[in-house]
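Listed here are the chains, written in short residue letters.
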Amino acid sequence: MKLATFRAGNKTGCGLLVGETLLEVETATDGRPGPSLENLLGDEAALATLRELQRRGRGDAQFCARNGLPLAEVDLLAPVPRPGKVLCLGLNYRDHAAESGAPVPAEPVVFAKVSSSVTGPGRPIHIPEASDKIDYEVELAFVIARPARRVTADRALDYVGGYTVLNDVSARDYQREKPGGQWTLAKSFDTFCPLGPWVVTPDEVGDPQTLAIECRVSGELMQSSSTSRMIFGVAEIIEYLTRVLTLEPGDVVATGTPPGVGFARTPPRYLRDGDIVQCAIERIGTLTNPVTADA
Ligand code: ZN
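In this report, the structure presented in the accompanying data block is examined. (Residues numbered from 1 in each chain as written. Predicted model: local features only at pLDDT ≥ 70, side-chain atom pairs only at ≥ 80, totals over all residues. Heavy atoms only, no water.)

### Overview of the coordination of the zinc ion
In step 1: Taken together, the protein donors to the zinc ion comprise Glu137 (OE), Glu139 (OE) and Asp168 (OD), at separations of 1.9 to 2.1 Å.
In step 2: Here the donor residues for the zinc ion map to a single chain with the spacing E-x1-E-x28-D.
In step 3: Under the relative-accessibility criterion, Glu139 is labelled buried at 0%. (Donors = N, O, S within 2.8 Å, 3.2 Å for Na, K, Ca; no water. Buried < 20%, exposed > 50% of the residue type's maximum accessible area, 1.4 Å probe, protein only.)

Right, here's the structure in full:
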């Protein structure tokens, strides 16, 4: 299932996408589990109801028209607008480590993006006054469905509520030229974490290590790879993280970017006012964001 967070008028809610129609989850599940996607992902009964609704909606365009909103008329937000935490893997594709001039890591390299950097599909990425080396990074991200603490890799995927696309926008001068390497600041400017356009449940994604992944900037293909080329896969990442901390419902983890980022190109290709960034992952969807100079 494709599950989205949307705004229509002054109402915010969670929707199930059937074709080009968004069916409101709260109506279908009699108000359970409330309007937020992080509650929904761990609610098996609500998910079962939605699967039934999806089956019905797929065969019945009139049912969808009566009970849903056309996708084109709703405002999609980030599926989890304010995650409790956003953790990211650095250098998790061998060929991206090579283009960055970094050794292939022997264990996962983890950093955080603060959750106020999260923005939704279609929303602008602002080029801040403080940096002119703004870069794109398409990444497969997963959203946690239930609390995960000391989870071994063989059980780890049971804790994933779904997958989405994350653009790990980065200010390379902060990351690479400031004392100590300011990874957290470099990746936490406002609007530097586009997320979406929706979450796709694991049953529709299948094996998360088999997905084509690409990024285009203003139409030009910049990154094109497969999640099969990750060094540490989703299950291993969960095992590694939950030795240290509890992953909670709604937490978002990004799994690293393939090669082709702007700073590693000759000449470098940083984002400019007027660019359009399209991050696409097979079986999930395309996350599109315009780039604008900060007003
Ligand atoms: Zn990244």
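### Describing the pattern of salt bridges
In step 1: Summed over the entire model, instances satisfying the criterion amount to 21 salt bridges.
In step 2: Of the charged contacts, one joins Asp203 and Arg51 as a salt bridge, the two residues approaching to 3.6 Å between their closest N and O atoms. With Asp203 in helix H9 (residues 202–205) and Arg51 in helix H3 (residues 44–58), this residue pair connects regions lying 152 residues apart in the sequence.
In step 3: Here Glu214 ties to Arg216 by a salt bridge, and the two come within 3.0 Å at their closest N and O atoms.
In step 4: You can call Glu214 partly exposed: its relative accessible area is 25%.
In step 5: A relative accessible area of 28% places Arg216 in the partly exposed class.
In step 6: Because the salt bridges share partners, they merge into one network encompassing Lys113, Asp135, Glu137, Asp168, Arg172 and Lys187. (Salt bridge = Lys/Arg side-chain N within 4 Å of Asp/Glu carboxyl O. Helix = DSSP H or I, 4+ residues; strand = E, 2+ residues; numbered from the N terminus.)

### Side note on the sheet that holds strand E15 (residues 212–217)
In step 1: One open sheet accounts for five strands, arranged E9-E19-E18-E15-E16; its pairing is mixed. Lying at the two open borders of the sheet, with one neighbouring strand each, are strand E9 (125–127) and strand E16 (220–226). Pairwise comparison of adjacent strand axes, ignoring direction, gives a mean angle of 15° for this sheet. (Pairing = 2+ DSSP bridges. Axes fitted to C-alpha atoms, helices over the stretch in contact; angles between N-to-C directions.)

Shape is all these values report; function is a separate question.
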